[in-house]
Amino acid sequence: MEYSILGSSNLSVSRVCLGTMTWGIQNNQQDANQQLDYAISQGVNFIDTAEMYPVPPNAETANETEKILGNWLSQNKSKREKLIVASKIAGSGVPWIRNGGAITGVAVENAVDNSLQRLQTDYIDLFQLHWPNRTSPHFGKHWPSQISLSETDAELHSEQMLDILQGLNRCVNAGKIRFCGLSDDTPWGINTYLKLSEKHNLPKMVSIQNEFNLLHAKDWPYLIENCIHENIAYLPWSPLAGGMLSGKYLNGEIPAGSRWTFMQRNGLFRDTPSAHLAIAAYADIAKKHGYTPAQLALAWCNQVDGVTSTIIGATSLAQLTEDIAAFNMPLNKTVQAEIEQVFKQFPAAF
């Protein structure tokens, strides 16, 4: 396993980050324990969760994922200090979490306290904002004029960001969190937080996690360049595009128990004709060169300049084994060239 430094922090994280959002719906405690034990045996030291998980989110299962991880941590206390545990505070719009309210400094403090209790740990290594208070161009809202960027009150949101940073700072000073990060944000969001941190001597955001994969690479190059030069770790989530790049949904297939059999909060916005054409082409390349389709997609993500650690998730130990193996399967120039030909045909498949 290879490791990278998490942005401007001093944390060394594995190039593979174990995502946990299936724990509590598609996976139970025993499944999670097996995944954690196997991932750690392969050198993974970076675990990502969130107060909203599992996904698809609902009032009945909210917070279950953190509890499941917490149960494992309580039974493996000797391993805690070697792990980088990351969690996230949910943004607005989830009625059963803070009545759907926006992120504030006080909300951050409450969320941190609650996550610590569920995780059964004294500190969280990386605490992230799951999505910003303003509407951002993520979750299928990235096409021109789909949202009105000019309607955002920049001054108001900057004031909210300052309040959030002050709440994070109180948590850092109390020893409850070590570092702070973003999720589903933009260059403007990154840079506004950085300016506020410098001006007011508050914690600096050290990372951002956004969706990034062969079907959806809109963060390259502009946001990723921003991350590289501002020393912000870039953490792709959904490197398999919600499982699509494994090829399991080709030809209209929807395997029993797969994510598409569950109600999706933002709908199946990735399910487009272009996406399926691209996936079929990538699957052919994978077969030709001895990869599974999932391994090809993950190996591609891992080699993108600026990527710090890729967040993977699995619903079975077999899937996890296959996925982690991809990070020891670098792409040669021939494979990269073939991928590039397909990518240029489908640069924005959904």
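Located above this text is the structure these notes cover.
Only a predicted model underlies this, so the values are computations on that prediction, with no experimental measurement involved.

Caption draft 1: Broad picture of the overall build of the chain. The secondary structure content of the chain amounts to 10 helices and 10 strands. Computed over C-alpha atoms, the radius of gyration of the chain comes to 19 Å, within 12% of the 20 Å expected from 2.2 N^0.38 for 350 residues, which places it in the range of a compact globule. Dimensions of the chain, computed from C-alpha atoms along their principal axes, come out at roughly 55 × 50 × 35 Å. Looking at the chain residue by residue over its 350 residues, the buried ones come to 55%.

Caption draft 2: Expanded view of the side chain of D48. With respect to the helices, strands and loops of the structure, D48 is situated in strand 4 (residues 46–48). Given the relative accessible area of 3%, D48 is considered buried. Of the polar contacts made by the side chain of D48, one reaches the side chain of Q128; its length is 3.2 Å. Contacts of D48, omitting those with residues within four sequence positions, involve C17, L18, G19, T20, Y53, A86, K88, Q128, Q209 and I311.

Caption draft 3: View of the packing of helix 4 (residues 154–173) against helix 5 (residues 187–200). As a packed pair, helix 4 and helix 5 sit with axes 10 Å apart at the nearest point and diverge in direction by 60°. Between helix 4 and helix 5, the interaxial angle falls into the category oblique. For helix 4 against helix 5, the interelement crossing comes out right-handed. Mapping the contact onto sequence places A154, H157, S158, M161, L162, I164 and L165 in helix 4 and W188, G189, T192, Y193, L196, S197 and H200 in helix 5. Classifying every residue of the contact of helix 4 with helix 5 gives 8 nonpolar, 6 polar and no charged.

Caption draft 4: Spotlight on helix 10 (residues 333–345). In this model helix 10 runs 19 Å from its N-terminal to its C-terminal C-alpha over 13 residues, within 8% of the 18 Å that 1.5 Å per residue would give. Taken residue by residue, helix 10 has V335, E338, I339 and V342 as its buried positions. Projection of helix 10 onto a plane perpendicular to its axis shows the buried side chains occupying an angular sector of 100°, all on one side. Helix 10 presents K333, Q341 and K344 as exposed residues on the side facing more than 90 degrees away from its buried surface.

Caption draft 5: Representation of the pattern of salt bridges in the model. Scanning the entire structure with this criterion turns up 13 salt bridges. With its nearest N and O atoms 3.6 Å apart, the salt bridge here joins K67 to E64. Placement of both K67 and E64 in helix 2 (residues 64–75) is noted, with a separation of 3 residues, approximately one turn of the helix. Residue class for E64 comes out partly exposed when judged on its relative accessible area of 28%. The partner of D219 in a salt bridge is K218, and the shortest N-O contact between them spans 3.8 Å.

Caption draft 6: Up close: the packing of aromatic side chains. Per the stated rule, a full pass over the model turns up 5 aromatic pairs. Judged by centre distance (5.6 Å) and plane angle (20°), the ring pair of F212 and W300 falls under stacked. Placement of the pair is F212 in the loop between strand 8 (205–211) and helix 6 (222–230) and W300 in helix 8 (residues 293–303), with a sequence separation of 88 residues. Taken individually, F212 and W300 each receive the classification buried, so the pair is uniform in this respect.

Caption draft 7: Quick peek at the sheet that holds strand 6 (residues 124–129). The strand order 9-8-7-6-5-4-3-10 describes an open sheet built from 8 strands, whose pairing is parallel. Sheet topology places strand 9 (233–237) and strand 10 (310–312) at the edges, where each strand pairs with a single neighbour. Between one strand axis and the next, the sheet turns through 30° on average, direction left out of account. Pairing between strand 6 and strand 7 (residues 177–183): 5 bridges, direction parallel. Bridge assignment links L129 to a residue of strand 7, and that residue is L182. Contacting strand 5 (84–89), strand 6 and strand 7, helix 3 (residues 105–119) crosses the sheet at an angle of about 135° to strand 6.

Parameters at a glance
- Residues numbered from 1 in each chain as written.
- Predicted model: local features only at pLDDT ≥ 70, side-chain atom pairs only at ≥ 80, totals over all residues.
- Heavy atoms only, no water.
- Helix = DSSP H or I, 4+ residues; strand = E, 2+ residues; numbered from the N terminus.
- Rg over C-alpha atoms; globule rule 2.2 N^0.38 Å.
- Buried < 20%, exposed > 50% of the residue type's maximum accessible area, 1.4 Å probe, protein only.
- Polar contact = N/O pair within 3.5 Å; in protein donor to acceptor, adjacent residues only side chain to side chain.
- Contact = heavy atoms within 4.5 Å.
- Axes fitted to C-alpha atoms, helices over the stretch in contact; angles between N-to-C directions.
- Parallel < 35°, antiparallel > 145°, perpendicular 65-115°, else oblique.
- Left-handed = near helix turned anticlockwise from the far one by under 90°.
- Nonpolar A, V, L, I, M, F, W, Y, C, P; charged D, E, K, R; others polar.
- Expected span 1.5 Å × (residues − 1).
- Arc of directions from axis to C-beta.
- Salt bridge = Lys/Arg side-chain N within 4 Å of Asp/Glu carboxyl O.
- Phe/Tyr/Trp six-rings, centres within 6.5 Å; stacked < 30°, edge-to-face > 60°.
- Pairing = 2+ DSSP bridges.

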